[in-house]
Amino acid sequence: MNCLQSWPEPIVRVQSLSDSGIHVLPDRYIRHPSDRPSFTSISTHANIPVIDLHSLLAARDAGLRQATLDRISGACREWGFFQVVNHGVRPELMKSIRQLWRDFFHLPLEAKQVYANSPTTYEGYGSRLGVEKGAKLDWSDYFFLNYLPESVRDENKWPTTPESCRELVNEYSKAVVKLCGILMKILSVNLGLEEDYLQNAFGGDDIGACLRVNYYPKCPQPDLTLGISPHSDPGGMTILLPDDDVSGLQVRKGEHWVTVEPIPDALIVNLGDQIQVISNAIYKSVEHRVIVNSIKERVSLAYFYNPRGDLLIEPAKKLVSKDRPASYSAMTFDQYRLFIRKSGLWGKSQVESLKCSQ
């Protein structure tokens, strides 16, 4: 990562632009006409599946349990996204940590600048991905921190204000990591693999877990830009805590963009490229993006559950056959995410580049 020591240009905080009262977007944020929200096909008559996990976490009804497993399997194959309720993460905790980070972004700029990040690790307060000079930028700021493995967790890089930040981040992280472990077993079983296959492929107990808190300020011309560019997540699995007041996440379904309408106390699960690779493309990592608006700010928390960086990720042998040969070449996650750190978010170009010639 030595080639990624600094940003190619001075960093401008998007929140500062929004607060300045500008009426016209700077050119760096204006998308090509074909990439703008107003010029792309949007479907308003669909939503990602909503799945109640109660039957898996508490109920003893075998039929209901199987029905839930089947719904998750269908969502992974057809959407790559689904919302979960009764997932084991306390609603009060979800509300508290979302408000905590909203309060952080409302701090004076100088208080946040203490945590300014670099492209070396992305830890801290940031406003861009990728180090390509002159690249188009997203209308968002963020805070990124590492939680697992413990060897890379540095709570000194986490905010001290609001005062409860470090305590709540730890509590929320434990709850979400536990949920991810449960979902990994479900995904393995639905693929016909041993229950612990995906977890072991990720490194067993030595996995990666990190949090990116996204802040989308009000935008004077939301039809010209995006909060986050279209992409599929490079890691394993993402658990998203959406804003409880305004939607913004859009998921690609065929030629359409579907706006996800969050439901109270739900978490959004989406599969990343590494699970698409291990499943030999049975499960899909799906392109998604974020739109912004001129009336309300938006805060969301994306928790990434990733393989250990030095392990080779490749299709599971049991999912490779003469009729379904391996679709992807092996690559470590460290090698894979270097592409994102250099180039930023570019649709599904990275996972597509791993495809084997048949």
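- Per an unreviewed UniProt entry, the protein carries the name Fe2OG dioxygenase domain-containing protein and comes from Vitis rotundifolia.

**Some details on empty space enclosed by the protein**
Thinking step 1. Counted according to the given criterion, the structure contains three cavities of 30 Å³ or more.
Thinking step 2. What the largest cavity holds in volume is close to 580 Å³.
Thinking step 3. Mapped by element, the contributors of at least two residues to the lining of the largest cavity are strand E5 (141-148), strand E6 (208-216), strand E7 (228-231), strand E8 (237-241), strand E11 (267-271), strand E12 (288-290), strand E13 (298-306) and helix H9 (333-343).
Thinking step 4. With five residues, the top contributor of residues to the lining of the largest cavity is E13.

**Details of the layout of surface pockets**
Thinking step 1. Taken as a whole, the second largest pocket holds about 300 Å³ of empty space.
Thinking step 2. Residue lining of the second largest pocket: 18 residues in total, with Asn146, Leu148, Pro149, Val152 and Arg337 positioned closest to the centre.
Thinking step 3. Secondary structure elements with two or more residues in the lining of the second largest pocket: E5, E6 and H9.
Thinking step 4. A breakdown of the residues in the lining of the second largest pocket according to their chemical character gives nine nonpolar, five polar and four charged.

**A word on the UniProt feature "domain: Fe2OG dioxygenase" (unreviewed entry) in the protein**
Thinking step 1. In the numbering used here, UniProt assigns the feature "domain: Fe2OG dioxygenase" (unreviewed entry) to residues 206-307.
Thinking step 2. Each end of residues 206-307 is marked by a C-alpha atom, and these two atoms are 8 Å apart; helix forms 6% of the span and strand 43%.

**Thoughts on the nonpolar core**
Thinking step 1. If you look at the biggest cluster of nonpolar residues, it comprises 65 residues, and the most contacted ones within it are Trp101, Tyr172, Met237 and Ile239.
Thinking step 2. Among the elements that make up this core, the one with the highest residue count is helix H6 (residues 165-190) (twelve residues).
Thinking step 3. If we skip the residues at most four places from it in the chain, methionine 237 touches Cys180, Leu183, Met184, Leu187, Val269, Asn270, Gly272, Ile275, Tyr303, Phe304 and Tyr305.
Thinking step 4. Judged by nonpolar contacts, the second largest core, of 17 residues, contains Trp79, Phe81, Val251 and Ala302.

**Looking at unusual backbone geometry**
Thinking step 1. Omega for the bond connecting leucine 148 with proline 149 falls within 30 degrees of zero, at -5 degrees, which places this linkage in the cis form.
Thinking step 2. Looking at where proline 149 falls in the secondary structure, it is placed in the loop between E5 and H6.
Thinking step 3. The omega angle of the peptide bond from threonine 161 to proline 162 is 0 degrees, so this bond is cis rather than trans.
Thinking step 4. Backbone geometry places asparagine 280, a non-glycine residue, at a positive phi of 55 degrees.
Thinking step 5. Structurally, asparagine 280 is set in the loop between helix H8 (273-278) and E12.
Thinking step 6. At alanine 281, a residue that is not glycine, the phi angle is positive and equals roughly 70 degrees.
Thinking step 7. For alanine 281, the location among the structural elements is in the loop between H8 and E12.
Thinking step 8. The buried category is assigned to alanine 281, whose relative accessible area is 13%.

Conventions used here
- Residues numbered from 1 in each chain as written.
- Predicted model: local features only at pLDDT ≥ 70, side-chain atom pairs only at ≥ 80, totals over all residues.
- Heavy atoms only, no water.
- 1 Å grid on protein atoms, 1.4 Å probe; cavity = no way out; pocket = protein on both sides within 12 Å on 5 of 7 lines; lining within 4 Å.
- Points joined across faces, edges and corners; volume = space filled by probe spheres on them.
- Helix = DSSP H or I, 4+ residues; strand = E, 2+ residues; numbered from the N terminus.
- Nonpolar A, V, L, I, M, F, W, Y, C, P; charged D, E, K, R; others polar.
- UniProt positions renumbered as here; feature names shortened; annotations may be inferred.
- Core = buried A, V, L, I, M, F, W, Y, C linked by side-chain atoms within 4.5 Å.
- Buried < 20%, exposed > 50% of the residue type's maximum accessible area, 1.4 Å probe, protein only.
- Contact = heavy atoms within 4.5 Å.

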